[in-house]
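# Tertiary structure, described
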Amino acid sequence: MGYTTIKTASHHVPAEYEVRYYMRTPAITLNIAAPLSDALALMREHDVRRLPVVVDTGELRGMITQGDIRGADVMRVAGLDPLDIAHALRHVKVYEIMTEDPIAITPETGIREAAMLMIENKIGGLPVVDDQGRVIGIITESDLFETLVQQLDNHLA
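Residues numbered from 1 in each chain as written. Predicted model: local features only at pLDDT ≥ 70, side-chain atom pairs only at ≥ 80, totals over all residues. Heavy atoms only, no water.

## Concerning the sheet that holds strand β2 (residues 30–31)
With respect to topology, four strands assemble into an open sheet ordered β2-β3-β4-β5, the strand pairing being mixed. Two strands close off the open sheet at either side, each with one partner strand: β2 and β5 (99–100). Relative to strand β3 (residues 50–54), β2 runs parallel, the two being bridged by two bridges. In the strand pairing of β3, N31 is matched with V54. Its contacts with the sheet put helix α1 (residues 36–46) on β2, β3 and β4 (60–65), and the angle it makes with β3 is roughly 135°. (Pairing = 2+ DSSP bridges. Helix = DSSP H or I, 4+ residues; strand = E, 2+ residues; numbered from the N terminus. Contact = heavy atoms within 4.5 Å. Axes fitted to C-alpha atoms, helices over the stretch in contact; angles between N-to-C directions.)

As structure tokens, then:
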């Protein structure tokens, strides 16, 4: 399949706490065969730190993060020619460095469960997939912090 979908826990999550209401949609995705330079450009353009990697049908196959690409900065600091680095970013494909078999969740997953998955697996975001495994959104630690602040504001108001 290329990913692990975590179904919702056996207990019912109140609808207002389902990921569907907090995820970012549509998700900015990247084709598995794209060069790293495209990944970096998309991250900068959309001000995101991670991208779900998909095949042509939109099905999830991996995740790529700024940290995965950060080696280019190390190469520059180490004294490698910036033109060589740019050449490498254009010729190395996303599938060569992405995280394969990422954990994915469904829109019905509770936000608490999503947060626990991120904590337990030390990851900063989860792709949200439909029944066919197509990426329909993403929820990140930033989204969860925004939700926490909103809940606190509502509770304290």
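## So, the nonpolar core
Ranked by internal contacts, the top residues of the largest apolar core, which has 16 residues, are L30, L51, I64, I69 and V94. Contributions of two or more residues to this core are made by α1, β3 and α4 (82–91). Beyond its immediate sequence surroundings of up to four residues, L51 is in contact with I28, L30, A39, L42, M43, G62, M63 and I64. Counting 13 residues, the second largest nonpolar core, distinct from the first, contains M23, I103, I105 and I111. (Core = buried A, V, L, I, M, F, W, Y, C linked by side-chain atoms within 4.5 Å. Buried < 20%, exposed > 50% of the residue type's maximum accessible area, 1.4 Å probe, protein only.)

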